[in-house]
Amino acid sequence: MPRLLLIDPNAGDPAERSKGLALSRHGWDVTVLAPRRIREGARVVEAAPADPAAPYRLVLGDLVGKPPNRCIFLNGNSEAFAEEPTVVLVLADEGFALALQALLEARLRWPRALRLAHSLQNIPTSWRRHGQPLVALYAADCAVEAAVFGLAHGMIARNAEAVEVLRGRGYRGPIAHIPWGVDVDAVRRSAQAAMAPAGEPGLEVPRFGFVGRLVPEKGVDTLLRALARTQGSLVLVGDGPERERLELLSRELGIASRVRFLGSVPRTAIPGLLRDFQALVLPSRQTAGWKEQFGRVLVEAMALGIPCVGSRSGAIPAVIGEAGVVFENDDSRSLADALERVVANRGRLSVLAKARAELFTWDRFAESSIEFFDALRTRR
C-alpha cells in the first residue's frame with residue numbers, strides 16, 4: 001500500500017482532517033502532521049485529539065515562529081517521517097517556511113519519496129502587494145519560494161489562476177490544478193440535525209444570505225446597495241471591523257428593517273442557517289492585492305441546494321458555474337439584477353447547485369491528487 005505523508009497546518013481542526021480520511025478511503029496509508037495548537041481568530045486553542053476510529057494516523061507537533069508564512073514545526077517531524085513515504089504533500093503555500101522545512105526534510109530522510117507543494121496564490125507576490133516592513137523580509141520570502149520550487153517534484157494549484165502565477169514566478173515542473181474540497185456529506189448531515197430554521201422575524205422573502213468576515217474586500221456594502229434596488233431581505237453571518245459602517249449604511253439606504261446582522265456563529269451552525277436562504281451571496285471586491293481563492297461557503301450552500309450569486313472575483317465564477325448567477329465586480333446594479341434572476345430561476349438552479357457541489361468534495365480532491373501522484377511516479 002502506498003504511503004502518503006500529508007503535512008497540513010490547518011488539520012488541528014477535525015473538519016480539516018477530511019482530506020486525510022478521503023485519501024485513506026482511496027487505498028493510501030496516510031499520516032497527517034498537524035499543529036498541536038491552532039488559531040481561531042484572536043484565540044489560540046488546543047487541537048482536537050486523534051479519533052481512534054480514523055483510518056489515518058495523526059501526529060501533532062508544536063509550531064514555532066510567526067504563522068502563517070514564517071513558522072516551522074519544532075517537533076513532530078521525527079514521528080511523522082519515521083516510515084518511508086511514497087509521497088510527501090505539504091499544504092502550506094510555496095513561499096512559506098513550513099513548505100521548505102517539509103520538502104527539505106523529505107529529501108534528506110527519504111530521497112526516493114515524491115515531494116509535492118501547494119499553492120492558492122492567484123495574485124503574484126510582490127513588494128507592493130505584501131508591503132513588507134523590511135526589504136530583507138521580502139527577499140527572504142522569495143528565497144524560500146525559489147528553494148521550494150527547486151525541491152518540489154510537482155505543485156498542486158488550488159485554483160486555475162494559481163497555475164499561471166506559479167509559472168510567472170519561475171516554477172517549471174509539473175503542476176496540477178486540483179480544486180479545494182468541502183465535506184459535502186457532513187454539511188448535509190449538520191443541516192439535517194439542526195433545528196428547523198425559524199427565520200428572522202419581520203424579514204420578508206426572498207431572503208438572501210452572506211457568510212464571511214465584515215471587511216472591505218468582501219464587498220458587503222455593494223450588497224446592501226443592491227438590496228436597496230430590489231425586493232427581499234438580507235441576513236449577514238459574521239463579524240469584523242466594517243460592521244458599524246455597514247449598519248450605518250443600511251440605515252442611510254432605508255433598508256435597516258430588511259437587514260439582520262447575526263455576528264459570528266460557530267462553523268457547525270452555518271449549515272442550519274444556510275437552509276433559510278433563498279440564495280447565498282458572495283459579493284467579494286477584487287483589488288490589486290486580493291481576490292477570492294476558492295469560496296468554501298459557496299460549496300456548502302450548493303450542497304444544500306441553495307443557489308449562489310457571486311462577483312467576478314478570482315475563483316468565484318469557476319466555483320459557481322451554472323449553479324447560480326455571476327455579477328460584475330463592485331457593481332450594485334449588476335448585483336441587484338443577479339438577485340432578481342436567481343430568485344426567478346431558483347427551482348432550476350437549486351437542482352444544478354446540488355449536482356455542482358459534488359465537484360468539490362474531498363473524495364474528488366483525493367481522486368485527482370492520486371492521479372497526479374501516479375503520473376509523477378510513472379515519469380520518474
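The structure this text deals with has already been given above.
Engineer: What exactly am I supposed to notice about the sheet that holds strand E1 (residues 3-7) here?
Structural biologist: Paired through backbone hydrogen bonds, the strands of a sheet run either parallel or antiparallel to each other. Strand order in this open sheet of 7 strands is E5-E2-E1-E8-E9-E10-E11, and the pairing throughout is parallel. What marks the edges here is a single partner per strand, and that holds for strand E5 (57-61) and strand E11 (175-177). Geometrically, the sheet is characterised by an average inter-axis angle of 20° between neighbouring strands, direction not taken into account. Relative to strand E2 (residues 29-35), E1 runs parallel, the two sharing 5 bridges. Among the inter-strand pairings, Leu 4 is bridged to a residue of E2, identified as Val 30. The sheet strands contacting helix H6 (residues 160-168) are strand E9 (114-119), strand E10 (154-157) and E11, and the helix crosses E11 at an angle near 160°.

Engineer: Sorry if this is basic, but what is going on with the packing of helix H8 (residues 220-227) against helix H13 (residues 332-344) here?
Structural biologist: A pair of packed helices is captured by two measures, namely the crossing angle of their axes and the spacing between those axes. Contact geometry for H8 and H13: axes closest at 8 Å, N-to-C directions at 65°. Two packed elements cross with a definite hand, and for H8 against H13 that hand is right-handed. Contact with H8, carried on its side by Thr 222, Leu 223, Arg 225 and Ala 226, involves Ser 332, Leu 335, Ala 336 and Leu 339 of H13 and no other residues of that element.

Engineer: When you look at the sheet that holds strand E14 (residues 259-263) in this model, what are you seeing that I'm missing?
Structural biologist: Read across the sheet, 6 strands follow the order E14-E13-E12-E15-E16-E17 without closing on themselves; strand pairing throughout is parallel. The sheet is open, and its two borders are formed by E14 and strand E17 (324-327), each paired with just one other strand. Pairwise comparison of adjacent strand axes, ignoring direction, gives a mean angle of 20° for this sheet. Note that strand E16 (residues 308-311) and E17 share 4 bridges and pair parallel. From the neighbouring strand, Cys 308 faces E17, where its bridge partner is Gly 324. Relative to the sheet, H8 contacts strand E12 (207-211), strand E13 (233-237), E14 and strand E15 (279-282), its axis offset from that of E13 by approximately 165°.

Engineer: Hey, could you run me through the nonpolar core in this one?
Structural biologist: Burial of nonpolar side chains together is a common tendency in soluble globular proteins. In this structure, Leu 4, Leu 116, Leu 274, Leu 280 and Val 299 are the most contacted members of the largest nonpolar core, which totals 84 residues. Among the elements that line this core, the one with the most residues is helix H15 (residues 362-379), at 7 residues. By size, the runner-up hydrophobic cluster in this structure holds 29 residues, among which are Leu 5, Ala 106, Leu 151 and Ala 157.

Rules of the game
Residues numbered from 1 in each chain as written. Predicted model: local features only at pLDDT ≥ 70, side-chain atom pairs only at ≥ 80, totals over all residues. Heavy atoms only, no water. Pairing = 2+ DSSP bridges. Helix = DSSP H or I, 4+ residues; strand = E, 2+ residues; numbered from the N terminus. Axes fitted to C-alpha atoms, helices over the stretch in contact; angles between N-to-C directions. Contact = heavy atoms within 4.5 Å. Left-handed = near helix turned anticlockwise from the far one by under 90°. Core = buried A, V, L, I, M, F, W, Y, C linked by side-chain atoms within 4.5 Å. Buried < 20%, exposed > 50% of the residue type's maximum accessible area, 1.4 Å probe, protein only.

Fair warning: the whole summary comes from geometry, so function is off the table for now.
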